[in-house]
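Coordinate inspection notes
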Amino acid sequence: MTQSDSLQPAEPGPPGLLILWSPPRCRSTAFLRMMHQRGDFQIVHEPFSRLKDFGESEVDGVACTDERSLMDALLAAGANRAVFVKDTTDFHYPGVLAAEDFLLGATHSVIIRDPREAIASHYRLNPRLTRDEIGFAWVREIYEAVAATGGKVAVLDSDDLVDHPEQTVRAYCEQVGIPFLPEALSWSAGALPSWEQTMRWHTEAAASTKLYRVSTMPAPDLSDDPVLGGFFRFHFPHYQWLRERRLKIAEDA
C-alpha cells in the first residue's frame, strides 16, 4: 500500500524532509492539497497513522512495519529530494518522540484549529471518538520533543489559513525555508490517489479549489455535553499553549 502522490515538478526543490503534524479535522488535508499543487515536493500522506491503522506503510517501494523503519525510509527519501509529509495525531508515536535523528533530520510544523470545531467535526465522522485521539496533547508532545533537540516548529492556526491564506502560507514558507508560490493557492477539484482508503475523511478537501472557510457558523458550545465537554476541557490548554506559539501574520501583528 502506498500513500505517495507526486507531480512532475518543473523545478524540484532541494532535498529535505518537511512534516506537518495535525490533530484530526484541523484542515491539514486542505493544506496538503496546496503543497501538492506546488509541484516541487513529493507528497506522502499520513504514513504514521496508516502504519497504526493497517500495520504497514510504504515509502518509495519500501514496506515499513514499525515507526523506526518508516522514519528511516522518510529520511532516505528526503536525502534525495524535497518531501512533504502530512500526518495526524489521533495516534501516539513514541518511536518518533524518542528518535533524535528523526526530530533533527526533518523540518517539523504543526497545524491547529479551535478544538470545539475539531472535536465536533471528528465526532460526526467517528461517534466512538475517545479523548486521546482528538490529538492536541499528542501533537504538543511532538512540538516539545523537537524543541528539546534545539529545533524550531512552525505552528499554523488554521483559522488564519482560511481567513488569510496568502499571508499565512507566505509566513509558513518563510519560516520553513521554502519559496512562496502564489499560484499554488488554487487548484482543480478532485481527490488525490493516496486518499482512496480514507476518502470519507477528505470529501471537503476533494471538493475544494482553494483554501477557504467552509462554514461561518460559530463554534459549537460543548461545555454541557457529558462526554465531549470533558474532551474539550482536557485538550483546550494544549491548543492554547500551541496557539500562543503560532506564526503571526499582518492581521494579528
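For the structure given in this document, a descriptive report is provided here. (Residues numbered from 1 in each chain as written. Predicted model: local features only at pLDDT ≥ 70, side-chain atom pairs only at ≥ 80, totals over all residues. Heavy atoms only, no water.)

**Digging into the overall build of the protein**
Helix and strand content of the protein: 11 helices and eight strands. The buried share of the protein, taken over its 253 residues, is 53%. Accessible area for the protein stands at about 11,300 Å²; split by element, carbon and sulfur atoms hold 50% of it. (Helix = DSSP H or I, 4+ residues; strand = E, 2+ residues; numbered from the N terminus. Buried < 20%, exposed > 50% of the residue type's maximum accessible area, 1.4 Å probe, protein only. Areas by Shrake-Rupley, 256 points an atom, 1.4 Å probe, with all protein chains shown as cover.)

**Things to note about the pairing of strand 6 (residues 82–88)**
For strand 6, the buried fraction is high: seven of the seven residues fall into the buried class. Burial of the side chains of strand 6 extends over both faces: Ala 82, Phe 84, Lys 86 and Thr 88 are buried on one face and Val 83, Val 85 and Asp 87 on the other. Examined bridge by bridge, strand 3 (residues 42–45) and strand 6 share four bridges and lie parallel to one another. Along strand 6, the bridge assignment pairs Val 44 with Val 85. (Pairing = 2+ DSSP bridges.)

**Focus: unusual backbone geometry**
Unlike most non-glycine residues, Arg 25 shows phi in positive territory, near 70 degrees. Examined against the element boundaries, Arg 25 turns out to sit in the loop between strand 2 (16–22) and helix 1 (28–38).

**Some words on the nonpolar core**
Counting residues in hydrophobic clusters, the biggest one holds 43 residues, and the most contacted among them are Leu 17, Trp 21, Phe 48, Leu 74, Val 96, Phe 102 and Ile 119. Sequence-distant contacts of Trp 21, defined by excluding residues within four places in its chain, comprise Phe 48, Asp 87, Thr 89, Tyr 93, Val 96, Phe 102, His 108, Ser 109, Val 110, Ile 111, Val 139 and Ile 142. (Core = buried A, V, L, I, M, F, W, Y, C linked by side-chain atoms within 4.5 Å. Contact = heavy atoms within 4.5 Å.)

**Considering the pattern of salt bridges**
Evaluated as defined, the whole model comprises 16 salt bridges. With a shortest N-O distance of 3.2 Å, Asp 159 and Arg 27 are connected by a salt bridge. Taken together, the positions of Asp 159 in helix 8 (residues 158–163) and Arg 27 in the loop between strand 2 and helix 1 put the pair 132 residues apart, joining distant regions of the chain. Both residues of the pair, Asp 159 and Arg 27, count as buried. Put simply, Arg 27, Arg 113, Glu 117 and Asp 159 are held in one network by salt bridges that share partners. (Salt bridge = Lys/Arg side-chain N within 4 Å of Asp/Glu carboxyl O.)

**Digging into the packing of aromatic side chains**
Under the criterion given, the structure shown has 11 aromatic pairs. When the ring of Phe 48 is compared with that of Phe 102, the centres are 5.9 Å apart and the planes differ by 65 degrees; the resulting orientation is edge-to-face. Of this pair, Phe 48 sits in helix 2 (residues 47–54) while Phe 102 is found in helix 5 (residues 100–105), placing the two residues 54 residues apart along the sequence. With respect to class, Phe 48 is no different from Phe 102; both count as buried. Site record: aromatic cluster; members linked through ring pairs are Trp 21, Phe 48, Tyr 93 and Phe 102. Sitting above the plane of the Phe 234 ring, Arg 131 keeps its charged end 3.7 Å from the centroid. (Phe/Tyr/Trp six-rings, centres within 6.5 Å; stacked < 30°, edge-to-face > 60°. Lys NZ or Arg CZ within 6 Å of the ring centre and 35° of its normal.)

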